[in-house]
Amino acid sequence: MTLVAPLPRGEGVALWRQIASRIEARIHQGELEAGARLPTEAILAEGFGVNRHTIRRAMEDLVTRGLVRVEQGRGSFVAEDVVEYPLGSRTRFSEIIRAQSREPSGRILRVAEAEAEPRIAELLKLRRNQRGIIQVERLGFANNRPVTLGTHHFPIQRFARIPALLKDNPSITAALAACGVPDYRRQVTRITARMPTPDEASLLEQARSRPVLLAEAVNVEPGGAPVEVSIARYAAGRMQIVVETA
């Protein structure tokens, strides 16, 4: 990005405001696209002929107004449009992303057999001697930007084929369909927020100082039997959870 200098001085408008206004104008004009990395403080300071404190003040203003996001250790970026993620009785990641003119994709990070923790066993209604589960960790993308990190839990007795199925296709919905569950609905979702772990922040490409939205969900068959418990971490700066009531 080429910035014009020097700035007008002595006109009663603080330098940091002029800088923020110029960057904002370039964003609104489309010269700086969503997700674009901004120059470093040093480069901006040299281009505008000001000190770094002035640049920092301008960036703070842009961050506060949601035009720029800062990722610790990575730099400053033009903020992306927020993805609206409706939670209803039928919640499907790919369908939701495509409905907003974005391209969904996913990557399976880990598949393992495990013994269900008490909370997961309770939600899946597993008996004490039948607590074996398949645990799948999946990273979901919208236009190649990570937006959700999900850990999915399936009863192993019924869904032992899921690891093999996910090798060919990272779609959870497709894997369930291949296992005899062509349709399922969201029974309940519990939403909280917390700070991310270092690994979560890295995978979601966000600052560790920015919270993640945490959603614990239970998906069931039409008859009401649980088929999956998912724990999703959403990048709060890119996802807006919308709760559907009708």
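Structural data are supplied above this passage.
My aim in this report is to walk through the structure given alongside it, one point at a time. Along every chain, residues carry numbers that run from 1 in the direction the sequence is written. In view of the model being predicted, local features appear only for residues whose pLDDT reaches at least 70, and side-chain atom pairs are presented and counted only at 80 or more, with totals across whole chains, interfaces and linings using the full set of residues. The side-chain quantities take in all heavy atoms of the structure and omit both hydrogens and water.

## Focus on the overall build of the protein
So, step 1. Only DSSP runs of H or I reaching four residues or more are called helices, and only runs of E reaching two or more are called strands; each is numbered from the N terminus. A tally of regular secondary structure across the protein gives 8 helices and 10 strands.
So, step 2. Atoms considered for the radius of gyration are the C-alpha atoms alone. The globule rule reads 2.2 Å times the number of residues to the power 0.38. Over its C-alpha trace the protein gives a radius of gyration of 22 Å, far above what one expects of a compact globule, namely 18 Å for 246 residues.
So, step 3. Residue burial in the protein is summarised as follows: out of 246 residues, 43% are buried.
So, step 4. Only heavy atoms matter for contacts: two residues are in contact if any of them lie within 4.5 Å across the pair. Across the protein, the fraction of contacts at a sequence separation of at least 24, relative to all contacts at a separation of at least 6, is 59%.
So, step 5. In this description, accessible areas are obtained by the Shrake-Rupley approach with a 1.4 Å probe, and a residue is regarded as covered only by the protein chains that are shown. When the accessible surface of the protein is totalled, it reaches about 13100 Å², and 48% of it is carbon and sulfur.
So, step 6. In summary, the charge assignment counts Lys and Arg as positive and Asp and Glu as negative, without counting His or the chain termini. By convention, the charge on Lys lies at NZ, on Arg at CZ, on Asp at CG and on Glu at CD. The centroid of the 35 positive side-chain charges in the protein is displaced by 3 Å from the centroid of its 28 negative side-chain charges. The buried label applies to any residue whose accessible area, calculated with a 1.4 Å probe on protein chains only, is under 20% of its type's maximum; exposed applies above 50%, and partly exposed to all values in between.

## A closer look at the side chain of Thr-148
So, step 1. Structurally, Thr-148 is set in strand 6 (residues 145-155).
So, step 2. Ignoring any residue separated from it by four or fewer positions in sequence, one finds Thr-148 in contact with Phe-93, Arg-138, Leu-139, Gly-140, Leu-204, Ala-232, Arg-233 and Tyr-234.

## Brief notes about the packing of aromatic side chains
So, step 1. Classification of ring pairs rests on two measures: the distance between centres of Phe, Tyr or Trp rings, Trp counted by its six-membered ring, which must be within 6.5 Å, and the angle between planes, read as stacked under 30 degrees, edge-to-face over 60 and tilted in between. Across all of its chains, the model carries 3 aromatic pairs by this definition.
So, step 2. Site record: aromatic cluster; members linked through ring pairs are Tyr-85, Phe-93 and Tyr-234.
So, step 3. Should the NZ of a Lys or the CZ of an Arg lie within 6 Å of a ring centre and within 35 degrees of the ring normal, that charge is described as sitting over the ring. The ring of Trp-16 carries Arg-57 above its face, with NZ or CZ at 3.9 Å from the centroid.
So, step 4. The ring of Tyr-184 is capped by Arg-92, whose NZ or CZ atom sits 3.7 Å from the centre of that ring.

## Thoughts on helix 2 (residues 41-48)
So, step 1. Leu-44, Ala-45 and Phe-48 are the residues of helix 2 that are buried. Within helix 2, the buried residues cover an arc of 100° as seen down the axis, which keeps them to one side. With respect to the buried face of helix 2, the exposed residues turned more than 90 degrees away are Ile-43 and Glu-46.
So, step 2. Tucked into the core, helix 2 has its buried residues touching helix 1 (15-28) and helix 3 (52-64).
So, step 3. Looking one or two residues beyond helix 2, the residue adopting positive phi is Gly-49, at roughly 70°. The arc in question is the one spanned by the directions pointing from the helix axis to the C-beta atoms.

Function cannot be read off these values alone, since they describe shape.
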